[in-house]
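Reading the structure
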Amino acid sequence: MSLGRSVRKAVIPAAGLGTRFLPATKAMPKEMLPVVDQPAIQYVVEEAVRAGLDDLLMITGRSKRSLEDHFDRAPALERTLELKGDQARLDAVQQASSLGPIHYVRQGEPKGLGHAVLCAKQHVGQEPFAVLLGDDLIDENDEVLSTMMAVQAKTGGSVIALIEVDPSQISAYGCADVAAVDGEDFVRVNSLVEKPAVEDAPSNLAVIGRYVLHPAVFEVLERTEPGRGGEIQLTDALQTLAAGEGEGSGVYGVVFRGRRYDTGDKLSYLKAVITIASERAEFGEDLKSWMKEFLG
């Protein structure tokens, strides 16, 4: 079992059309939908930075220019806030542009998550890297990436994040068949199935949008045929690595039991907004008092 190299690069696919949030996303990227007072994508970038990832690549598409603008400097706006003496808002605006250098590559065609990851090949090179999906928000108090990176370094393979879901909901996810690893908190992934029928699911362990991948995944993706939905599925490539042998093979899972929100789902998005807002010092208690009155 070979030791992996340290992970320092993060790939953030953000080229999706956001059709579940139409018409709000007709002219605005779904990743820019606000969660309280900052866009969903900023929470994801901040998570990567907290985990020590200092080289970020965002995979974008047409009509996603506002993502680049958000993480860029805004000198005129900053100057206006400075002249007003509005330090709190100035700090908030500058926070987004101070998270570190972010690189951008366009996917070109919506060929699936596997294709989006493949677009990162030239930037990533021959080192392990993290993938963070913009739809998944992980609560900042329930960190998982550092654990996944440690497992990758220990095993030399690829690592996925898993959550336990109600068996009736498994058909909405990629599903993992796993085996325990003696003396370890992580599991070995035997196989993966993309959105199986409930009766065919090998477990209730669902794949969520956090991965730490060995660069061997790129070669596999290059020869992966389009699968479900006519798209190149990352799940299919991971299935190949799970069944393979040699350098970069083997897929492992970390079962995440913290708070996570799917901001691509309307109800989960609303839960994220309410939960995060209720924990804000400036208005959280007032919001919780209002919710009690509203529900009472």
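Each remark here, short or long, concerns the structure printed above.
Quick look at the structure, then. (Residues numbered from 1 in each chain as written. Predicted model: local features only at pLDDT ≥ 70, side-chain atom pairs only at ≥ 80, totals over all residues. Heavy atoms only, no water.)

Comments concerning the overall build of the protein chain
When helices and strands are tallied, the protein chain shows 11 helices and 13 strands. A compact globule built from 296 residues should have a C-alpha radius of gyration of about 19 Å, and the protein chain, at 20 Å, falls within 12% of that. Counting only C-alpha atoms, the protein chain reaches 60 × 50 × 40 Å along its principal axes. Relative to its full complement of 296 residues, the protein chain shows a buried share of 48%. In the protein chain, the share of contacts with a sequence separation of at least 24, taken over all contacts with a separation of at least 6, comes to 76%. (Helix = DSSP H or I, 4+ residues; strand = E, 2+ residues; numbered from the N terminus. Rg over C-alpha atoms; globule rule 2.2 N^0.38 Å. Buried < 20%, exposed > 50% of the residue type's maximum accessible area, 1.4 Å probe, protein only. Contact = heavy atoms within 4.5 Å.)

What to know about the nonpolar core
By size, the foremost hydrophobic cluster in this structure holds 50 residues, and its most contacted members are Leu53 and Met58. Among the elements that make up this core, the one with the highest residue count is helix 1 (residues 40–50) (six residues). With 33 residues, the next largest nonpolar core counts Ala116, Leu205, Phe218 and Val220 among its residues. (Core = buried A, V, L, I, M, F, W, Y, C linked by side-chain atoms within 4.5 Å.)

Quick notes on the pattern of salt bridges
Under the definition given, this model contains 22 salt bridges. Two residues, Asp86 and Arg89, come together in a salt bridge whose shortest N-O distance is 3.0 Å. In this structure, Glu164 engages Arg257 in a salt bridge whose closest nitrogen and oxygen atoms are separated by 3.8 Å. With a gap of 93 residues between them, Glu164 in strand 8 (residues 158–164) and Arg257 in the loop between strand 12 (251–255) and strand 13 (260–262) connect regions that are remote in the sequence. Judged by its relative accessible area of 65%, Arg257 falls in the exposed class. Among the charged side chains, a salt-bridge network with shared partners connects Arg8, Lys9, Asp55 and Glu127. (Salt bridge = Lys/Arg side-chain N within 4 Å of Asp/Glu carboxyl O.)

A look at the packing of aromatic side chains
Working definition: an aromatic ring pair is given by the centre-to-centre distance plus the angle between the planes. Across all of its chains, the model carries four aromatic pairs by this definition. When the centroid spacing of 5.4 Å and the interplanar angle of 75° are considered together, the rings of Phe21 and Tyr269 count as edge-to-face. Residue Phe21 is found in the loop between strand 1 (9–13) and strand 2 (34–35), and its partner Tyr269 is found in helix 10 (residues 266–278); the two are separated by 248 residues along the sequence. Using a relative accessible area of 12% as the deciding quantity, one classes Tyr269 as buried. (Phe/Tyr/Trp six-rings, centres within 6.5 Å; stacked < 30°, edge-to-face > 60°.)

What to know about the side chain of Glu78
Among the structural elements, Glu78 can be located in helix 3 (residues 75–84). Leave out the neighbours within four places in its chain, and Glu78 touches Arg73, Leu90, Val93 and Gln94.

Brief notes about a nonpolar patch on the surface
On the surface, Trp290, Phe294 and Leu295 cluster together into a nonpolar patch covering about 420 Å² of accessible area. When you line up the elements, Trp290 lands in helix 11 (residues 284–295). A relative accessible area of 47% means that Trp290 is categorised as partly exposed. (Patch = residues over 30% accessible without salt bridge, like charges linked within 9 Å, V, L, I, M, F, W, Y side chains within 5 Å. Areas by Shrake-Rupley, 256 points an atom, 1.4 Å probe, with all protein chains shown as cover.)

What to know about helix 4 (residues 87–97)
Buried within helix 4 are the following residues: Leu90, Ala96 and Ser97. Within helix 4, the buried residues cover an arc of 125° as seen down the axis, which keeps them to one side. (Arc of directions from axis to C-beta.)

Focus: the packing of helix 10 against helix 11
With their axes 7 Å apart at the nearest point, helix 10 and helix 11 run at an angle of 125° to one another. Taken together, the axes of helix 10 and helix 11 are oblique relative to one another. Here helix 10 contributes Ile274, Ala277 and Ser278 to the contact with helix 11, which in turn contributes Gly284, Leu287, Lys288 and Met291. Along the lines of polarity and charge, the residues of the contact of helix 10 with helix 11 split into four nonpolar, two polar and one charged. (Axes fitted to C-alpha atoms, helices over the stretch in contact; angles between N-to-C directions. Parallel < 35°, antiparallel > 145°, perpendicular 65-115°, else oblique. Nonpolar A, V, L, I, M, F, W, Y, C, P; charged D, E, K, R; others polar.)

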